[in-house]
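# Architecture at a glance
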Amino acid sequence: MNFISKLERKFSRYAVSNLTLYLIFGYVVGYVLGFMAPNLLNYLTLNPYLILRGQVWRLVTWVLIPPSMQNIIFYVIMMLFYYQLGMSLERTWGTFRYNVYIFGGILYTALGAIGTWLVLTVVYGSASANLMGTVVGMQVSTYYICMSIFLAFAACYPNMQVLLYFIIPIKMKWMAYVYAALMAYDFIKSDWVGRVMLVMSLLNFLIFFLSTRDFYRYSPKEVHRKQVYRQAMKQPKGGITKHKCAVCGRTELDDPSLQFRFCSKCDGNYEYCQDHLFTHQHIKNCK
């Protein structure tokens, strides 16, 4: 995590704000394509064989394929749910670290697909390379990207209560346990290709939360403590004030919501509160 901190200091200005919104917008594009031109989705999949033959856009466009295309109502509800989770994580971690988390999941998935295809090509021969690329591409899904967002949020806010299907109150940690059990079931029933892709898709979660030693920094309690500390540091200490009204003598200690301005028509550095800025008598030096 020290390495990520160094990267954050150097490259944080390049981080993409509201990244979750862009992901969901991509899913919407993929969902529309799935209904209007379903054959076009075949040109978006993560097929390593075709990528190495010039179709490099597949390294990115597979992210447009939405996790589910069966029920539009369920799809809309889940996208709104993941939008809220993603934005909360971005506020908790910061934009740069959230970017690293999401883009890391995408990168690990792509590397896992290419590595798996290379192994299959060696095992089954180069003549089956195209078929093996198609097989690997069919195993790649953005479902686990959404799942990594959910698991990260559950790890940060395990005791937060949500309404399942807008009816059943349940804590995030219990939902995480259920999803973890479902993923374990998927892992067991899948072939080794599916298992590799599942692990690689969630590798960002494993790296961020199972190998880091300063996970407590992202807990709600620690985040709240830092916010309170920063707010306290903004307050004047020891009775020393930064602002004082030349008319009524009030300072920011009397009312933190008061606004103070200097008057350009007064001779000298006279500061006034918002109540007396436009009503005071201008001070002029005698010449």
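Above this note sits the structure.
These figures come from a predicted structure and were not determined experimentally. (Residues numbered from 1 in each chain as written. Predicted model: local features only at pLDDT ≥ 70, side-chain atom pairs only at ≥ 80, totals over all residues. Heavy atoms only, no water.)

### A closer look at helix H9 (residues 172-189)
The test is simple: Strands here are runs of E lasting at least two residues and helices are runs of H or I lasting at least four, both read from the DSSP assignment and numbered beginning at the N terminus. Residue count minus one, scaled by 1.5 Å, sets the expected span of a helix. Type-normalised accessible area, obtained with a 1.4 Å probe on protein chains alone, sets the label of each residue: buried when under 20%, exposed when over 50%, and partly exposed for intermediate values. By definition, the arc is the one covered by directions from the helix axis to the C-beta atoms.
With 18 residues, H9 should reach 26 Å at 1.5 Å per residue; the first-to-last C-alpha distance of 26 Å fits that figure. Residues of H9 that are buried include every one of Met172, Met175, Ala176, Tyr179, Met183 and Asp186, and no others. Each buried residue of H9 sits inside an arc of 100 degrees when the element is viewed along its axis, so together they form one side. Away from its buried face by more than 90 degrees, H9 exposes Tyr177, Tyr185, Ile188 and Lys189.

### Some remarks on the environment of Leu89
Inspection of the secondary structure assignment puts Leu89 in helix H5 (residues 72-93). For Leu89, a relative accessible area of 0% puts it in the buried group. Through-space distance from the C-alpha of Leu89 to that of Tyr157 is 9.8 Å; in sequence the pair is 68 residues apart.

### Quick look at the side chain of Thr251
Heads up, the condition is: Whether two residues are in contact is decided by their heavy atoms: any pair within 4.5 Å suffices.
One can find Thr251 in the loop between helix H12 (220-234) and strand E3 (260-262). Discounting residues that sit within four places of it in the chain, Thr251 has contacts with Thr241, His243, Lys244, Leu258 and Phe260.

### A few points about unusual backbone geometry
Positive phi values are uncommon outside glycine, yet Asn18 reaches one of about 55 degrees. Along the polypeptide, Asn18 turns up in the loop between helix H1 (2-11) and helix H2 (19-36).

### Focus: a nonpolar patch on the surface
Here is the rule we go by: Exposure above 30% relative accessible area and the lack of any salt bridge qualify a residue for a patch; like charges then connect within 9 Å, and the nonpolar side chains Val, Leu, Ile, Met, Phe, Trp and Tyr within 5 Å. Values of accessible area rely on a 1.4 Å probe in the Shrake-Rupley scheme; residue burial ignores everything except the protein chains shown. By definition, a salt bridge exists where a carboxyl oxygen of Asp or Glu is found within 4 Å of a side-chain nitrogen of Lys or Arg.
Where nonpolar side chains cluster on the molecular surface, the patch consists of Ile72, Ile73, Val76, Ile77 and Leu80 and spans about 460 Å² of accessible area. Tracing the chain through its elements places Ile72 in helix H5.

What is shown is where atoms sit, not what they do.
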